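# Breakdown of the fold
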Amino acid sequence: MSSLLLLFLLLLLRRALALEFRYHDNREMERYLVQTSGSNPDITHLYSIGQSVRGQTLWVLALGLSPRRHTVGIPEFKYVANMHGNEVLGRVLLLQLIDDLVRGYRNNETWSLQLLNSTRIHILPTMNPDGFDASNTDCVYSQGRPNNNGVDLNRNFPDAFAGLRRIQQLEEEQRENEVRAVIGWLRTESFVLSANLHGGALVASYPYDNSNGGGELVGGASVTPDDDVFLHLAKVYSHSHASMHQGNLCSDTRPFLDGVTNGYQWYPLSGGMQDYNYVWAQCLELTLEVSCCKFPPVQQLPALWTENRKSLLAFIQQVHLGVKGRVFDGSGVPVQNAVVEVRGRRNMCPFKTDRHGEYYRLLLPGNYSFTVTYPGHEVLTETLNVPHGPDHYSAMKHDFVLRHIPTTTGRTSAHPTSANLTPTCNYTLHLEAGGATYRPSWTGLSAGLGLVAALRSLIG
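What you are looking at is a predicted structure, and each value in this text was computed from that prediction instead of being measured.

Here we take up the pattern of salt bridges. If charged atoms from side chains of opposite charge come close, those side chains can pair. For the structure on display, the rule yields 19 salt bridges. Among the ionic pairs, Glu28 bridges to Arg22, the shortest N-O distance being 3.1 Å. What makes Arg22 partly exposed here is its relative accessible area of 26%. Between Asp133 and Arg54 there is a salt bridge, with its nearest N and O atoms 3.3 Å apart. You can see Asp133 sitting in helix α5 (residues 129-134) and its partner Arg54 sitting in the loop between β1 (44-51) and β2 (57-63), a full 79 residues away along the chain.

Here it is in structure tokens:
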């Protein structure tokens, strides 16, 4: 009996030590993800969103009760790391997060059960494996920052503020492999909340990163219609972090009040991923700068995980802010592309229902007036009192039921459509590869390039 007990304890110890605190290369990372998925098929699913320039697979691990496919009412969340190849702590943090979530679930720990029972979590540990291979271990300098073509991936996404005066607006086919992979990924899942992990500072940054000098500029910041929510999300991360909220721990960056900043107010950048997520994929995304040093020494990794663990978990929980539900047409069928707008939050591209007829709106507690429009149906306006959902791991649930426009008269009833509700953004939403495809029309966007400062290539 004692020998069996010893063997059991040794097996447990081996499993506990399976993921070491060190920098795993891309091949080791792939093996770990394959092993984790193979050992936990009920709560994990490994899939690829594409390849890097050098042909390395961009692996995503999904975790949840239904890891292979979306479940109506369960929000989709994602973390992305290593967009800049030499900013490497995010790789370590996300692998440790996977390990923590799986072990917590297997041990019936409440925190893990609550997250995985209520959320589908997607984790992309490296968006730029080629850059990682080329990086050195310097804390500041940028060897390995771009992809294998020498392109900064966080300047390569379509930019909503570029407008018609842009000399050349690259078509999607001409963008970098890694960027195209993420754009395609956003079409296959209706992500609600996201963060991408960087290094070189200690701050939670939120949209917008760019501006065209219009009404979005407020006090030096480029403010989104959901600025209150973004500020809340950033503070959730910074104040759950061991020290980020202090705002002044990195000697080579300016102080950040509460450890948060508006991206544009820090420094403007064009073609950033968080703006793209928000404008075209209706996914609220933050950029998390998680270490002053881009490539922290290995001996610091356990402490850095401890500093970030609570923040990473608390941020996932915020996907349950606000209200969620479905929109049904006059026949009781859930409909795609119904516009769901909140008064006072005029998004550049309107939030629309997905292929399941679902909508998700991250909102702080309060009263909100919703307007729902869909062709052939009367405009529906309802006021909802939204509570604080994250505490219960579920946003408020509310379905909208539309009524057909009467056709007894020969007259066509005038009603707002997505086109005239949002004159600054014309796009259509199609089904493609099982998901929503966003096709922005540049002619409907603002025509100014706006204020673009010199890009700080050494940060974020």
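Okay, back to it.
For the rest of this paragraph, the subject is the sheet that holds strand β14 (residues 366-373). Judged by pairing direction, the sheet is antiparallel, and its 3 strands sit side by side in the order β12-β14-β15 without closing on themselves. On the outer flanks of this sheet lie β12 (339-342) and β15 (380-386), each paired with one strand and no other. Averaged over all pairs of adjacent strands, the angle between their axes in this sheet comes to 30°, without regard to strand direction. Pairing geometry for β12 and β14, over 4 bridges, is antiparallel. Residue Val339 lies in a different strand from β14, and its bridge partner there is Thr373.

As a further point, take the environment of Asn86. Here Asn86 is to be found in the loop between β3 (76-81) and α3 (89-106). On the basis of relative accessibility, which here comes to 0%, the residue Asn86 falls in the buried class. Remark: the alpha-carbon pair of Asn86 and Phe295, spanning 209 residues in sequence, is separated by 6.7 Å. Setting aside residues up to four positions removed in sequence, Asn86 forms contacts with Ser135, Tyr141, Ser142, Gln143, Gly144, Arg145, Lys294 and Phe295. Of the polar contacts made by the side chain of Asn86, one reaches the backbone oxygen of Tyr141; its length is 3.1 Å.

Let us now look at the packing of aromatic side chains. Inspection of every chain in the model, using the stated rule, returns 14 aromatic pairs. Between Phe77 and Phe315, the aromatic rings sit 5.8 Å apart at their centres with planes inclined by 70°, giving edge-to-face as the arrangement. A residue pair is termed long-range when its members are at least 10 positions apart, and Phe77 in strand β3 and Phe315 in helix α10 (residues 301-317) qualify at 238 residues. Exposure remark for Phe77: the relative accessible area of 0% places this residue in the buried category. In this structure Phe315 comes out as buried when scored by relative accessible area, which is 0%. An aromatic cluster is built from Phe161, Tyr208, Phe230 and Tyr278, whose rings are joined through pairwise contacts. Seen from the ring of Trp111, Arg309 lies directly overhead, with NZ or CZ sitting 4.8 Å from the centre. One Lys or Arg, Arg361, reaches over the ring of Phe351 and ends 4.0 Å from the middle of that ring.

Right, let's talk about empty space enclosed by the protein for a bit. With the rule as written, the count across this model stands at 5 cavities of 30 Å³ or more. Quantified by volume, the second largest cavity comes out at close to 90 Å³. Taken together, 11 residues line the second largest cavity, and the ones lying closest to its centre are Ser205, Asp209, Tyr267, Leu269 and Thr287. Elements that contribute at least two residues to the lining of the second largest cavity include exactly α8 (263-266) and β10 (284-291). By residue class, the composition of the lining of the second largest cavity is 3 nonpolar, 6 polar and 2 charged.

Cut-offs used in this document
- Residues numbered from 1 in each chain as written.
- Predicted model: local features only at pLDDT ≥ 70, side-chain atom pairs only at ≥ 80, totals over all residues.
- Heavy atoms only, no water.
- Salt bridge = Lys/Arg side-chain N within 4 Å of Asp/Glu carboxyl O.
- Buried < 20%, exposed > 50% of the residue type's maximum accessible area, 1.4 Å probe, protein only.
- Helix = DSSP H or I, 4+ residues; strand = E, 2+ residues; numbered from the N terminus.
- Pairing = 2+ DSSP bridges.
- Axes fitted to C-alpha atoms, helices over the stretch in contact; angles between N-to-C directions.
- Contact = heavy atoms within 4.5 Å.
- Polar contact = N/O pair within 3.5 Å; in protein donor to acceptor, adjacent residues only side chain to side chain.
- Phe/Tyr/Trp six-rings, centres within 6.5 Å; stacked < 30°, edge-to-face > 60°.
- Lys NZ or Arg CZ within 6 Å of the ring centre and 35° of its normal.
- 1 Å grid on protein atoms, 1.4 Å probe; cavity = no way out; pocket = protein on both sides within 12 Å on 5 of 7 lines; lining within 4 Å.
- Points joined across faces, edges and corners; volume = space filled by probe spheres on them.
- Nonpolar A, V, L, I, M, F, W, Y, C, P; charged D, E, K, R; others polar.

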